[in-house]
Amino acid sequence: MPVPDSTAPVPEPARRALYYLVAPVGHPNYGDELIAASWLRHLAEVAPDADVWVDTHSPGPAAVLLDGLHPRAKFTDTLWRLCWEVASEDPWQAAAWVREAIHNPGMMPRLHHGIELLAEVDVIHVVGGGYINKLWPKQIGLLAGAAAAVERSGGRAAMTGQGLLPACDDVTPLLRALADRFEIVEVRDEASAEMLDVPVGLDDAFIGIGPHLYEATEDLPEVMLCLQSDLVEVGIGKLAGAVLSMLRSWKIPPEKIGVVEGVPRVDREVFALLERELPGARFYPFSHIWTHGLPAASHQTWISTRFHLHMLASAAGASGVAVSIRPDYYATKHRSLAALGSNWTLLEDLNQVPDRPKKGGYAPEVLANFKRAKVELAKSIYAPVIRPEPEPEAPAEEPPAAPPRRRRWSRIIRD
C-alpha cells in the first residue's frame, strides 16, 4: 500500500462567499422586516453556503425576527454605529467621516474588527427602503461606508429599491458621486431616478411576494385599516377624522372592520382615537401578522397610510385608499405603487371623502413580472466576484555573505 507523501502541499479549503446586507431592521417595521426577510430567503435558495451578515441599527431584535431565514446569517451594527458617531447632521460631513473611518479603522478602534470584516466583503448590498434622505441625514453614511468597503475589498457594491426623497439641500452631487461607486444602482420612484439619472426600478419587497406572506384563513374583515401616528404632518386627529368620515360614508358596520399594526404601538394610537366609534373592530398587532401572515384578500377594501401595507394588500387583490400624511415623503411612495398599477386611490386632501374603490389590486401577471425582474437583478448582484490576480513579487536578490561572527538575523512581520 503506498505511503502518503507528507511533503505534498495541502490544498487550501475553498473560501466562502461573504455577503453583507445593510438594512434598517429590528425596530420593527413591517415593510423593513419584509424586505430583509425577502433577501435572506432568496440567498438561502441561491447561496445557502455563503456567510451573510446583516448590518442594522437593532441587531439583537433583528436576529430574533429573522432567525432561520438563512442558515449562515449573522447580525451586526458597524455601519450604523459609524453614522451615529458623526458629530454633524450635515450629509457631506457624515459621508466623508464614515468613508474615512472605513479606510482608517483607528478612528473607531472599538469597531476595528467590524470594519476589517467590511474590508473582506464580496458583495455589500444596501437593500431598499426610504431611510436615506432628509429625515435622517446622517444615514447617507451607509452609502459612503459601502463604497469605502469595496474600495478596500475589491468586491461589488449594490443599492436596490431605494427611495431618496425628501433629499437634503445641495446633496444631489454627493449622491451621484457615491452612486458612481456602486456597480448596481436601482431606485423605486421617478423623483429618485431623476436625482441619480438612472432608470426607475422596483421596491425590493416585490422579490418576496408570495402566498407565504398572507394569513391562511377565510374569516377576514371586509374593510382593513393601517393608520400610523409617526410622521403625520396633518396631525393624528385630522387623520382619524378623515378615516371615520370614509367609513361612515361607505356605511361599514364596525364589526366588519379590521385594524393592522405595521409598527408596534405607533400604529395603535390613531385606532385608540376611533376605538369607541368602532365597537367590534378586530385589531391585528404586528406580532400576529409577522407570525401568521397579513390578513389581506381580494374581497377587501383597505385604507392605509403605510406604503408596504398598500403594496401587500394590493398584491393580494384588495382595493384601497392610500392616505398621504406627509406630501414630501409618503405621497412619493404611494404614487410609485399607483404608477405600477396598484389601482388604489391616492388621498392627499384629507377634507375630501373618496368613493369606496372597487377596482381590485395588482393583476397576477403583473406581479409575476415584477418578481421576475427582481430575481434577474439579484443574479447580477450576487454573480461571482472576479478580483484581479495580484502581480507576483520580483525575487529578492541574495545579499552578500557576511563574516560568520557578524551575521545578523532579521524577521519579516506580515499583516
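Please read all numbers here as calculations on a predicted model, not as lab measurements.

The rules we used
- Residues numbered from 1 in each chain as written.
- Predicted model: local features only at pLDDT ≥ 70, side-chain atom pairs only at ≥ 80, totals over all residues.
- Heavy atoms only, no water.
- Helix = DSSP H or I, 4+ residues; strand = E, 2+ residues; numbered from the N terminus.
- Buried < 20%, exposed > 50% of the residue type's maximum accessible area, 1.4 Å probe, protein only.
- Contact = heavy atoms within 4.5 Å.
- Lys, Arg positive; Asp, Glu negative; His and termini not counted.
- Charge placed at Lys NZ, Arg CZ, Asp CG, Glu CD.
- Expected span 1.5 Å × (residues − 1).
- Arc of directions from axis to C-beta.
- Pairing = 2+ DSSP bridges.
- Axes fitted to C-alpha atoms, helices over the stretch in contact; angles between N-to-C directions.

*Asks:* Outline the overall build of the protein, listing residues and values.
*Replies:* Broken down by element type, the protein carries 14 helices and 12 strands. Overall, the protein is about 105 × 60 × 35 Å in size when its C-alpha atoms are taken along their principal axes. Looking at the protein as a whole, 53% of its 415 residues are labelled buried. For the protein, the proportion of contacts with a sequence separation of at least 24, taken over those separated by at least 6, is 75%. A distance of 3 Å separates the average location of the 41 positive side-chain charges in the protein from that of its 53 negative side-chain charges.

*Asks:* I'd like a description of the environment of Val54, backed by residues and values.
*Replies:* Relative to the helices and strands, Val54 is located in strand β2 (residues 51-55). For the pair formed by Val54 and Arg110, sequence separation is 56 residues and the distance between their alpha carbons is 19 Å. The residues touching Val54, leaving out its near neighbours within four places in the chain, are Leu21, Val25, Leu40, Lys74, Phe75 and Thr76.

*Asks:* Any chance you could break down helix α14 (residues 364-381) for me, citing the residues and the numbers?
*Replies:* Its 18 residues place the ends of α14 26 Å apart at the C-alpha level, agreeing with the 26 Å of an ideal helix rising 1.5 Å per residue. The set of residues buried in α14 consists of Leu367, Phe370, Lys374, Leu377, Ala378 and Ile381. Looking straight down α14, one finds its buried side chains confined to an arc of 105°; they lie on one side. Within α14, the exposed residues directed more than 90 degrees away from the buried face are Pro364, Glu365 and Lys379. Against α1 (30-46), β4 (123-126), β5 (156-162), β6 (184-187) and α12 (307-315) lie the buried residues of α14.

*Asks:* Explain the sheet that holds strand β9 (residues 282-284) to me, using residue names and the numbers behind them.
*Replies:* Backbone-to-backbone hydrogen bonds join strands into a sheet, with any given pair of strands oriented parallel or antiparallel. The strand order across the open sheet formed by 6 strands is β9-β8-β7-β10-β11-β12, and the pairing between neighbours is parallel. Looking at strand neighbours, the two that pair on one side only are β9 and β12 (345-347), the edges of this open sheet. Mean inter-strand twist for the sheet, computed between neighbouring axes without regard to direction, equals 20°. Across 4 bridges, strand β7 (residues 223-226) lies against strand β10 (residues 301-304) in parallel orientation. Within β10, the residue paired with Val223 across the bridge is Thr301. The strands that helix α9 (residues 236-250) touches are β7, β8 (257-260), β10, β11 (319-323) and β12; relative to β10, the one it contacts most, it runs at about 165°. Strands β7, β8, β10 and β11 of the sheet are contacted by α12, whose axis makes an angle of about 170° with β10.

Everything listed here is a matter of coordinates, which is why it stays silent on function.
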